[in-house]
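Residue-level structure breakdown
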Amino acid sequence: MIKEKNLKVRHIAHDSDLDIEALRRYMLNKQIMGIDKLIRISKALNVEISELFREI
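Okay, so let's go over this structure. (Residues numbered from 1 in each chain as written. Predicted model: local features only at pLDDT ≥ 70, side-chain atom pairs only at ≥ 80, totals over all residues. Heavy atoms only, no water.)

Details of the nonpolar core
- One finds Ile-2, Val-9, Ile-12, Ala-13, Leu-18, Ala-22, Leu-23, Tyr-26, Ile-41, Ala-44, Leu-45 and Val-47 forming the largest nonpolar core, which totals 12 residues.
- Counting only elements with at least two residues in this core, the list comes to helix H1 (9-15), helix H2 (20-27) and helix H3 (35-45).
- Residue contacts for Leu-23: discarding those within four places in its chain leaves Ile-2, Val-9, Ile-12, Ala-13, Leu-18 and Ile-41. (Core = buried A, V, L, I, M, F, W, Y, C linked by side-chain atoms within 4.5 Å. Buried < 20%, exposed > 50% of the residue type's maximum accessible area, 1.4 Å probe, protein only. Helix = DSSP H or I, 4+ residues; strand = E, 2+ residues; numbered from the N terminus. Contact = heavy atoms within 4.5 Å.)

See below:
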């Protein structure tokens, strides 16, 4: 979704108040994400949470 919107990972990490490396681990499915972080990321991307699951 970040690449589709032509956004930078560091900007989404900043906007969602997450460490950039943590966000990358979430994106690579190397770390489990809590619902609170999922909400912050969806807000930073300006999408509904369900959009984050459409490719699963």
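Still to come is the rest of the account.
Comments concerning the side chain of Ser-42
- Mapping Ser-42 onto the fold places it in helix H3.
- The contacts of Ser-42, once residues within four sequence positions are left out, are Val-47, Glu-48, Ile-49 and Leu-52.

Focus: the environment of Ile-39
- Along the polypeptide, Ile-39 turns up in helix H3.
- With a relative accessible area of 34%, Ile-39 lands in the partly exposed category.
- Along the backbone, Ile-39 and Leu-28 are 11 residues apart, and their C-alpha atoms lie at a distance of 18 Å.

With respect to the pattern of salt bridges
- One pass over the full model with this rule turns up 4 salt bridges.
- For Arg-24, the salt bridge identified is with Glu-21, shortest N-O distance 2.9 Å. Linking Arg-24 with Glu-21, this pair stays in helix H2, spanning 3 residues, or about one helical turn.
- Look at Arg-24 and you get partly exposed, because its relative accessible area is 36%.
- Residue classification places Glu-21 among the partly exposed residues on the basis of a relative accessible area of 38%.
- Measuring nitrogen to oxygen at the nearest pair gives 4.0 Å for the salt bridge that ties Glu-51 to Arg-54.
- A residue is classified by how much of its surface remains accessible, and Arg-54, at 46% relative accessible area, is partly exposed. (Salt bridge = Lys/Arg side-chain N within 4 Å of Asp/Glu carboxyl O.)

A short note on H2
- Buried within H2 we find Ala-22, Leu-23 and Tyr-26. All buried residues of H2 project into a common sector of 100 degrees when viewed along the axis, lining one side.
- Asn-29 sits one or two positions beyond H2 and adopts a positive phi of about 60 degrees. (Arc of directions from axis to C-beta.)

The values reported here are purely geometric and, on their own, carry no functional implication.
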